Amino acid sequence: MEIRATYPTYRTQHDFLESVLRLSPRVAAFDCDGTLWSNDAGITFFEWEIKNGVVSAEVGRAMRARYAEYEAGRVSEDEICGEMVTMHKGLPCAAVIEAASDFMTRFFPGSIFPEMRELVRRLEESGCEVWVVSASNEWVIRAGVKPFGIAENRILASKVEVEDGIVTDRLVRVPSGVGKPQALREVVGKDVDAAFGNSRFDTEMLAAAGHPFVVNPKPELEATARERAWPIYFPDGTAGR
């Protein structure tokens, strides 16, 4: 793929898909929220489960206060993403899985980008290992990627240990920022040939990949992509069109 002095922006689905597929990547890593679908499943589920009593009212109040601290810049991205998983401590894991599945299939207002689903399908057909890496909780991401046909053992999302079927507060991983390439190195153990992301928390993963692709970018990542001449793609219906 030719990298010009100015950043390449794909104007059609076909151009974007073919530019990726002609690279014949053997390992590809995708962010989820904003990259595979339009909205943020993690924060939307967080609001929904508090409203619908998946967690106790006490936990809900405490977590709303913590999220306000995060929005004020006094709690880090890693901290809040971890706490949005550990807040389920003591709940049956099966109940949280059921809630996440119900939410993603019936209530999540996000829309899957059809060209991203097509890209995943064609990559897997070519023999590429497709991984998803997200700071949102693993329960939601598992439900969200089912339409893509991505295996559960290729999901790297925020996760806690489960003991005797009960959720604990022992974090396994929170793959955000530098945690994304770190999780890929630890679990995949191979070079990532192509990576796809939409926010500044994907920057390190994109930089570590052989071929970074910026999809539906937020302004900060779009600026970085311009500086580094990373290819940019705006899915149909997004503001970049």
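Residues numbered from 1 in each chain as written. Predicted model: local features only at pLDDT ≥ 70, side-chain atom pairs only at ≥ 80, totals over all residues. Heavy atoms only, no water.

Q: When you look at the environment of Val188 in this model, what are you seeing that I'm missing?
A: Relative to the assigned elements, Val188 resides in the loop between helix 8 (179-187) and strand 6 (194-197). With relative accessibility at 10%, the residue Val188 sits in the buried group. Each C-alpha atom, one on Val188 and one on Arg154, is 8.7 Å from the other, the two residues being 34 residues apart in sequence. Those residues within four positions of Val188 in sequence are excluded, and the remaining contacts are Val27, Glu129, Trp131 and Ala183. (Helix = DSSP H or I, 4+ residues; strand = E, 2+ residues; numbered from the N terminus. Buried < 20%, exposed > 50% of the residue type's maximum accessible area, 1.4 Å probe, protein only. Contact = heavy atoms within 4.5 Å.)

Q: Would you take a moment to explain the packing of helix 2 (residues 41-51) against helix 3 (residues 57-71) for this structure?
A: When two helices pack together, you describe them by how their axes are tilted relative to each other and by the distance separating the axes. Where helix 2 contacts helix 3, the two axes come as close as 10 Å, and the packing angle between them is 150°. Considering the angle they form, helix 2 stands roughly antiparallel to helix 3. Both helix 2 and helix 3 take part in a crossing whose hand is left-handed. Of helix 3, the residues touching helix 2 (which contributes Ile43, Phe46, Glu47, Ile50 and Lys51) are Gly60, Met63, Arg64 and Tyr67. For the contact of helix 2 with helix 3, a count of residues per class yields 5 nonpolar, 1 polar and 3 charged. (Axes fitted to C-alpha atoms, helices over the stretch in contact; angles between N-to-C directions. Parallel < 35°, antiparallel > 145°, perpendicular 65-115°, else oblique. Left-handed = near helix turned anticlockwise from the far one by under 90°. Nonpolar A, V, L, I, M, F, W, Y, C, P; charged D, E, K, R; others polar.)

Q: Before we go on, may I ask you to explain the pairing of strand 5 (residues 166-173) in this structure?
A: In this structure, strand 4 (residues 155-163) lies alongside strand 5, joined through 4 bridges in antiparallel fashion. Each bridged residue has a counterpart across the sheet, and for Glu163 the counterpart in strand 5 is Ile166. Two successive antiparallel strands, strand 4 and strand 5, enclose a turn made up of 2 residues, where Asp164 displays a positive phi of approximately 55°. (Pairing = 2+ DSSP bridges.)

Q: Sorry if this is basic, but what is going on with the nonpolar core here?
A: Burial of nonpolar side chains together is a common tendency in soluble globular proteins. Core analysis: the largest hydrophobic core is formed by 46 residues, its most contacted members being Phe16, Phe30, Leu36, Trp37, Leu119, Val145 and Phe196. Broken down by element, the residue count for this core peaks at 6 residues, all from helix 5 (residues 93-107). If sequence neighbours within four positions are ignored, Phe30 has contacts with Leu36, Met116, Leu119, Val120, Leu123, Val130, Trp131, Val132, Val133 and Phe196. Trp131, Leu156, Leu184 and Val214 belong to the second-largest nonpolar core, a separate cluster that totals 19 residues. (Core = buried A, V, L, I, M, F, W, Y, C linked by side-chain atoms within 4.5 Å.)

Q: Got a minute to help me understand the packing of aromatic side chains in this structure?
A: Ring pairs (aromatic) are described by centroid distance and by the angle formed between their planes. For the coordinates displayed, the defined rule picks out 15 aromatic pairs. Their ring planes at 5° and their centres at 4.2 Å tell us that Phe30 and Phe196 sit as a pair that is stacked. With Phe30 in strand 2 (residues 27-30) and Phe196 in strand 6, this residue pair connects regions lying 166 residues apart in the sequence. Accessibility assignment for this pair places Phe30 and Phe196 in one class, buried. Summarising the aromatic geometry, the rings of Phe45 and Phe103 are spaced 5.3 Å apart at their centres and angled 55° between planes, so their arrangement reads as tilted. In this pair, Phe45 is assigned in helix 2 and Phe103 in helix 5, connecting sequence segments 58 residues apart. Side by side, Phe45 and Phe103 carry an identical accessibility label, which is buried. Three or more aromatic residues joined by ring pairs form one cluster here, namely Trp37, Phe45, Trp48, Phe103, Phe107, Phe108 and Phe148. (Phe/Tyr/Trp six-rings, centres within 6.5 Å; stacked < 30°, edge-to-face > 60°.)

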